[in-house]
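# Summary of structural features
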Amino acid sequence: MIDTLYLIANIAGTRVAFRSCAIESVVIVRNVSPVPCAPTHMAGLFALRSRVMSLIDTRVAIGFESAGRAEGEKAIVVDVDGHFYGLLVDGIEDACFVSEAEMPIQGRLADGWHDVATAMIEHDGATLLVIDAAQLVTPRQKAA
Amino acid sequence: MDEILQLFLSETTETMEEIGGEIVAWEADPADRTRLDTIFRFVHTVKGSCGFLDLPRIAALSHAAEDALDAVRRGEREASPQLVSAVLAIIDRIVELTETIATTGVEPSGGDRDLIEAVHGDGAPAARAPTRAGETAEHEDAPAPKGQSWRTIRVPLDLLDDIMNGVSDMVLARNEVARKLRSAGNASGVTGAFDRLSNSIAEMRATAGKMRMQRLNKLFAPLPRLVRDLGQELGKRVDVVVDGGEVELDREMIESIRDPLTHIVRNAIDHGIETPDKRRAAGKPENGTLHISARQSGNQIVIDVSDDGTGISIDRLVAKAVADKVISAAAARDLSAERKLDLIFSPGLTTSSEVTSISGRGVGMDVVRSNIERIGGVVDLHNRQGAGLTITLRVPLTLTIISGLTVLAGDQTFAIPRLSVDEIVLQSSDSVRIDHNGGLDLAILRGERLSLVYLEDSLGMPRAATGDEDRTLIVTRETGGNRYALSVADVYDHEELVIKPATPLIMATGLYAGTTLPDSGKPMLLLDTTGIAAKAAVGRSIAAPIKDDPVDYQRARQALSFREFDGSVRTILLSFVQRIEDVAIAAMSRAGGRLLAVIDDRMLPLYDCAIPADRTHVKVLRIRVNDRELGYVIDDVVDLVDLPYSFEPARKGGIVSLVGMIDGQPIEIVEPDHLAAAVFEAAVDNRPTCRIAGVDNHWTHQFLRPILESAGYRVLGVGDPGAAAIVLAAGDDVAAADGKASIVCLRDSPAGDDDGSVYWHDPDGILAALKRIEDAA
């Protein structure tokens, strides 16, 4: 069994895991420009060196109220289809190796989570949802 | 050394490296078909390239090898070890020669007969070429530089992009350091060192930009060959003139215009340039000319492809468009000439009457246009019916760097491509009037009525409290061509902006064309002026009546206003008026059922009108519509005016299609297409018929017939059915005349008899005789 590295983060009080292979880096976000008329979970644009990235407010993407912070916060940088996105989360705990395999999700999650969570893992005596970054970036039809 | 040669050398060397293993493997197993094919392709490619490059030795060698390998491929020869060696010897010699060319720049003189005979003969090579091992040894003896003097390498584009990104990062870091240095004051004398660093970074940025540039030669080089091959296939002879191959363009742009350009060239040969027979008949040189030229104009590259062929036949184009249901017949009739030409860009349309192997597969100019527009370019046509077509491609210098204008909306800055900005005006300027009516905002700029769009409204942002007078109008246009005014809180500088594609989430708003990172390090959005217009419904609300208009009033809005004999004032678009002539009443006559004026020995059909009897002279507007000229009799010219933007359609029809307001007065606008229809169709109805009997030759076809037709006669030839009112009878063939027709006898010598006959090479005399018959009737 090969250990898989996950990044554990906190979104709206829920601890979640991102597969580390999907993550470029974790950065502090500065100089955010809003994007008028964009979907609400699109918190703006920021630059990492010369690359311009879209900032995604994961709380909004999942269906919670925005925490309203962006400038100076940490964001998880992911690459989805050749575009870079920064994912704003409520807290970033740690990266850790998990030796157990991912498990399918048992039962039904609340709507917002259902769209973005792809599996569950067992870590440190707790069950964590594994989040698919691509789904956060382009959420399926949100309650319209 | 010229660039094509360099390219040939590096490609040949590269392929040699790739197929080196194949050659060895083929040597081991001559029956291996795949390896044989690979080697065949190599010599074939080399042979093809030599054709351009004047390398007779390599050409002869590769040709011989190709022949031999082809025979093996067709099973006519066996891949005997002797043959294999002979071929390998040739390949080795080619490599040797390319290496020499690389060092000296010229193909060394010398003979290769031994090798060529060896590969042609079945027996052992007459003089066996050095083996590969032997050759290697030779090179070891002479450790000359391995011929890399062309000094080019191939680099993946990704690598170049990485370098560009790295350089951009450096520029940003430099800016940050510069800011910190400024705030710290000139501490510890770093400033000088920093300036040097800063300059080298700037230089490096410029160099990195150049790495992506490539000469258009790369794009143009294959075209002469393409034209030659197509010409041969189609039995046409075409000379190609290429200019401006030294102009440089971003590599990616070159790739993007390769297909459209090839398509245009194919079209020009296939549909444009005629066969030598037709060209001779049309009085053109038998060889057609295709002129391809490029030049830089500002931050655009302009590429012209011009042929001296038939041009686009507007009538055939329209007929085809109607047949393909691209447009209804009625709508087509109302189009201006320019709009008719635009039909060539309709999807799935081709003007070629039959599908050929070259083009006419239904993939046409629409694809060319969309490919060019996708990279921010424009396609223009200049049609000279019967004399050729020029297609102009305008493309931005690079995909990634554009000249942009920074504007303020609310408290955020945005970029607008400079190319889409026509004009910038302060809203407080005297030349602007702003009207707010029922939620509709209009900007009236020097009489032009423009939709007014507040950028903040489009973006759903609150407008700053300051009044309208502090704001600035940017007159811009959407791709449909409609101009509108975009009101912004402020306009800052022009800047060269590096544009990055935006994420799908941003593109989905339809308002942005990309993102950019200015030196401040805070990302900025590039506005899409077409998307903003669409969201504000600009095209539908105001510009719609103009857009549906048969004549493109927006491009040519200057009009001539004139007075009719009844005192009313009308206008006509100036672009249709060729000139204004003073014509004596004596030079006007009614013939063939219509009013004609003789101007400079030519007949000009006039729009029929009642001329007051007391006039001796009148003014005639010479109007050109769809390549035909007609005259419009007026009392006098009043003024030059700018046509207004809003019109009412005229109810009564006829030649007046619209009514607009100028200086508070309604004014009728004469529609040139309707005028032409009235003049030329009226003539069709009651044109007298004239038969040319007894003679049927070049003179009657090429000269007499057009003269009679332009004088208003319907002309029948020798075998044509139908009754004619007048017969032009040559010689004694009067018997063939139509029953009751009046007869003009033609004689074949200039010396006149008194029998009323006319010399048949005397068109004026013939017309005069016809006129006498008309007058008598």
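Scroll up to find the structure.
What comes next is a walk through the structure. If you're wondering where the values come from, they're calculated on a predicted model, not measured in any experiment. (Residues numbered from 1 in each chain as written. Chains lettered and ligands numbered in written order. Predicted model: local features only at pLDDT ≥ 70, side-chain atom pairs only at ≥ 80, totals over all residues. Heavy atoms only, no water.)

## Looking at the interface of chain B and chain A
Formally: For this analysis, residues touch if any pair of their heavy atoms sits within 4.5 Å. Buried area counts how much accessible surface, traced with a 1.4 Å probe, disappears from two parts once they are put together, with both parts' losses summed. We count a salt bridge whenever a side-chain nitrogen from Lys or Arg sits within 4 Å of a carboxyl oxygen from Asp or Glu. For the purposes of these results, a polar contact is taken to be a pair of N or O atoms within 3.5 Å, where, inside protein, one atom must be able to donate a hydrogen and its partner to accept one; residues adjacent in sequence count only when each atom of the pair is a side-chain atom. Helix and strand assignments follow DSSP, with helices taken as H or I runs no shorter than four residues and strands as E runs no shorter than two, numbered in order from the N terminus. Asp, Glu, Lys and Arg are counted as charged, while Ala, Val, Leu, Ile, Met, Phe, Trp, Tyr, Cys and Pro are counted as nonpolar; the rest, among them Gly, fall into the polar class.
Each side of the interface is counted separately: chain B has 29 residues, and chain A has 23 residues. Roughly 1900 Å² of surface becomes buried between chain B and chain A when both sides are summed, with 67% attributable to carbon and sulfur atoms. Summed over the shared surface of chain B and chain A, the result is 0 salt bridges. On the surface where chain B and chain A come into contact, there are 5 residue pairs in polar contact (both at pLDDT 80 or more). Counting only elements with at least two residues in the side of chain B that touches chain A, the list comes to helix H7 (157–184), strand E9 (412–417), helix H17 (455–459), helix H18 (504–507) and strand E17 (512–516) of chain B. Of the residues forming the side of chain B that touches chain A, the biggest block, 4 residues, is contributed by H7 of chain B. Of the residues contributing to the side of chain B that touches chain A, the split by class is 14 nonpolar, 11 polar and 4 charged.

## Description of the nonpolar core
In plain terms, the rule: In plain words, nonpolar cores are sets of buried Ala, Val, Leu, Ile, Met, Phe, Trp, Tyr and Cys residues tied together by side-chain atoms within 4.5 Å. A 1.4 Å probe rolled over the protein chains alone gives each residue an accessible area, and that area as a share of the maximum for its type sets the label: buried under 20%, exposed over 50%, partly exposed in between.
With 56 residues, the main nonpolar core has Phe18 of chain A together with Val407 of chain B as its most contacted residues. Setting aside residues no more than four positions away along its own chain, Phe18 of chain A makes contact with Leu5, Tyr6, Leu7, Ala9, Ile11, Ile23, Ile76, Leu87, Val89, Ile131 and Leu136 of chain A. Of all hydrophobic cores here, the second largest spans 46 residues; its members include Leu223, Ile254, Val305 and Ile375 of chain B.

## Thoughts on the side chain of Glu564 of chain B
Following the sequence through the fold, Glu564 of chain B ends up in the loop between strand E19 (558–563) and strand E20 (569–573). Those residues in contact with Glu564 of chain B that sit more than four places away from it in its chain are Arg570, Tyr632, Val633 and Asp635 of chain B.

## Examining the packing of helix H10 (residues 222–234) of chain B against helix H11 (residues 251–272) of chain B
Residues and elements named next belong to chain B. As a reminder, the rule being used: An axis is simply a line fitted to the C-alpha atoms; with a helix, the fit covers only the stretch in contact. Between two such axes, the angle follows the N-to-C directions and lies from 0 to 180 degrees. Should the near helix be turned anticlockwise from the far one by less than a right angle, the crossing is termed left-handed; should it be turned clockwise, right-handed.
Their axes nearest at 10 Å, the elements H10 and H11 cross at an angle of 35°. Crossing handedness for the pair H10 and H11: right-handed. On H11, the residues touching Leu223, Leu226, Val227, Leu230, Gly231 and Leu234 of H10 are Leu261, Thr262, Val265, Arg266, Ile269 and Asp270. For the contact of H10 with H11, the class distribution of residues is 8 nonpolar, 2 polar and 2 charged.

## What to know about a negative patch on the surface
Residue and element names in this part refer to chain B. Heads up, the rule is: Each patch is assembled from residues with relative accessible area greater than 30% and no salt bridge, linking like charges that lie within 9 Å and nonpolar side chains (Val, Leu, Ile, Met, Phe, Trp, Tyr) that lie within 5 Å. Note on areas: these come from Shrake-Rupley sampling with a 1.4 Å probe, and a residue is covered only by the protein chains present in the view. All tallies of charge rest on Lys and Arg as positive and Asp and Glu as negative; His and the ends of each chain are not included. Taken as the charge location is NZ of Lys, CZ of Arg, CG of Asp or CD of Glu.
A contiguous patch of negative charge, built from Asp600, Asp601, Asp762 and Asp764, is present on the exposed surface. As for its placement among the helices and strands, Asp764 is situated in helix H24 (residues 763–776). On the basis of relative accessibility, which here comes to 60%, the residue Asp764 falls in the exposed class.

## Observations regarding the environment of Thr616 of chain B
All names here are of chain B. When you line up the elements, Thr616 lands in the loop between strand E24 (602–607) and strand E25 (617–625). Sequence-wise, Thr616 and Ala584 are 32 residues apart; in three dimensions their C-alpha atoms are separated by 5.8 Å. With sequence-adjacent residues up to four places away left out, Thr616 is seen in contact with Val583, Ala584 and Ile585. Of the polar contacts made by the side chain of Thr616, one reaches the side chain of His617; its length is 3.3 Å.

## Describing the sheet that holds strand E6 (residues 74–80) of chain A
Residue and element names in this part refer to chain A. Counted only if it meets this: When DSSP finds at least two bridges between two strands, those strands are taken to pair.
The mixed open sheet is built from 5 strands, whose spatial order is E3-E6-E7-E5-E4. With partners counted over all chains shown, the strands left at the sheet margins are strand E3 (23–28) and strand E4 (42–48), one partner each. Across the sheet, the mean angle separating the axes of adjacent strands is 35° when strand polarity is ignored.

## What to know about the pairing of strand E33 (residues 726–730) of chain B
In regular strands, side chains alternate between the two faces of the sheet. Residue and element names in this part refer to chain B. Of all 5 residues making up E33, 5 are buried, and the element is well covered by its neighbours. By the alternation rule, side chains of E33 split into Ile726, Leu728 and Ala730 and Val727 and Ala729, which are all buried. Of the strand pairs in this sheet, strand E31 (residues 689–693) and E33 are connected by 4 bridges, and their pairing is parallel. For Cys690, the partnering residue across the bridge sits in E33 and is Ile726. Note that E33 and strand E34 (residues 742–747) share 5 bridges and pair parallel. Directly across from Leu728, in E34, lies its bridge partner Val744.

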